[in-house]
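Fold and contact review
One-letter residues, chain by chain:
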Amino acid sequence: MDIWKPVALVSDISPDTGTLRVEHEGEGVCLYDLQGEICATQDRCPHGNASLADGYLEDGTIECPLHQGVFDIRTGKPQCPPVTTDLRRYDVRVEADTVYLKAE
Ligand code: FES
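So, here's what we can say about the structure. (Residues numbered from 1 in each chain as written. Predicted model: local features only at pLDDT ≥ 70, side-chain atom pairs only at ≥ 80, totals over all residues. Heavy atoms only, no water.)

Attention now goes to unusual backbone geometry. Cis rather than trans, the peptide bond between Pro81 and Pro82 has omega equal to 5 degrees. The topology assignment puts Pro82 in the loop between β8 (78-80) and β9 (92-95). Backbone geometry at Asp59 places phi at a positive 50 degrees, although glycine is not the residue there. Even without being a glycine, Ala96 presents a positive backbone phi close to 50 degrees. For Ala96, the position within the fold is in the loop between β9 and β10 (98-102). On the accessibility criterion, Ala96 (80% relative accessible area) is exposed. (Helix = DSSP H or I, 4+ residues; strand = E, 2+ residues; numbered from the N terminus. Buried < 20%, exposed > 50% of the residue type's maximum accessible area, 1.4 Å probe, protein only.)

We now examine the environment of Thr19. Of note, Thr19 is situated in strand β2 (residues 19-24). Residues Thr19 and Pro65, 46 residues apart in the sequence, show an inter-C-alpha distance of 13 Å. Those residues in contact with Thr19 that sit more than four places away from it in its chain are Ile13, Ser14, Cys30, Leu31, Tyr32, Leu52, Ala53 and Ile62. (Contact = heavy atoms within 4.5 Å.)

This part takes up the side chain of Ser51. Assignment of secondary structure puts Ser51 in the loop between β4 (37-42) and β5 (56-58). Excluding residues within four positions of it along the chain, Ser51 makes contact with Arg21, Asp43 and Pro65.

So, on to the sheet that holds β5. The strand order across the open sheet built from four strands is β5-β6-β7-β8, with neighbouring strands paired in antiparallel fashion. Each edge of the open sheet is held by one strand with a lone partner, namely β5 and β8. Neighbour-to-neighbour, the strand axes of this sheet turn through a mean angle of 30 degrees, independent of strand direction. Sheet topology places strand β6 (residues 61-63) next to strand β7 (residues 70-72); three bridges connect them, and they run antiparallel. If you follow Thr61 over to β7, its bridge partner there is Asp72. (Pairing = 2+ DSSP bridges. Axes fitted to C-alpha atoms, helices over the stretch in contact; angles between N-to-C directions.)

Distances and angles like these do not, on their own, reveal function.
Okay, here's the thing in structure tokens:
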């Protein structure tokens, strides 16, 4: 049986940035509000020491604040240099405004 852990409220996700950094099982995770669809990836950019929660969200992509690498949030796939590594994605469940991530 899957175990889901509450990590935040949907309303905690900044309406300005559309992102929120949370901790989940010792890892930094970035939550995204894609116009009501909540997604989650690793927060640390695989290219360097940057938090994607500080990045720029647009049309289902996140642009890293450090070197402007872009990822597709739903697939985790890198979209342009300098990023070449997929983001780890997390399964998300939302119930009554609470965001849950699947435990390992
Ligand atoms: Fe994210 Fe370089 S640290 S693109």
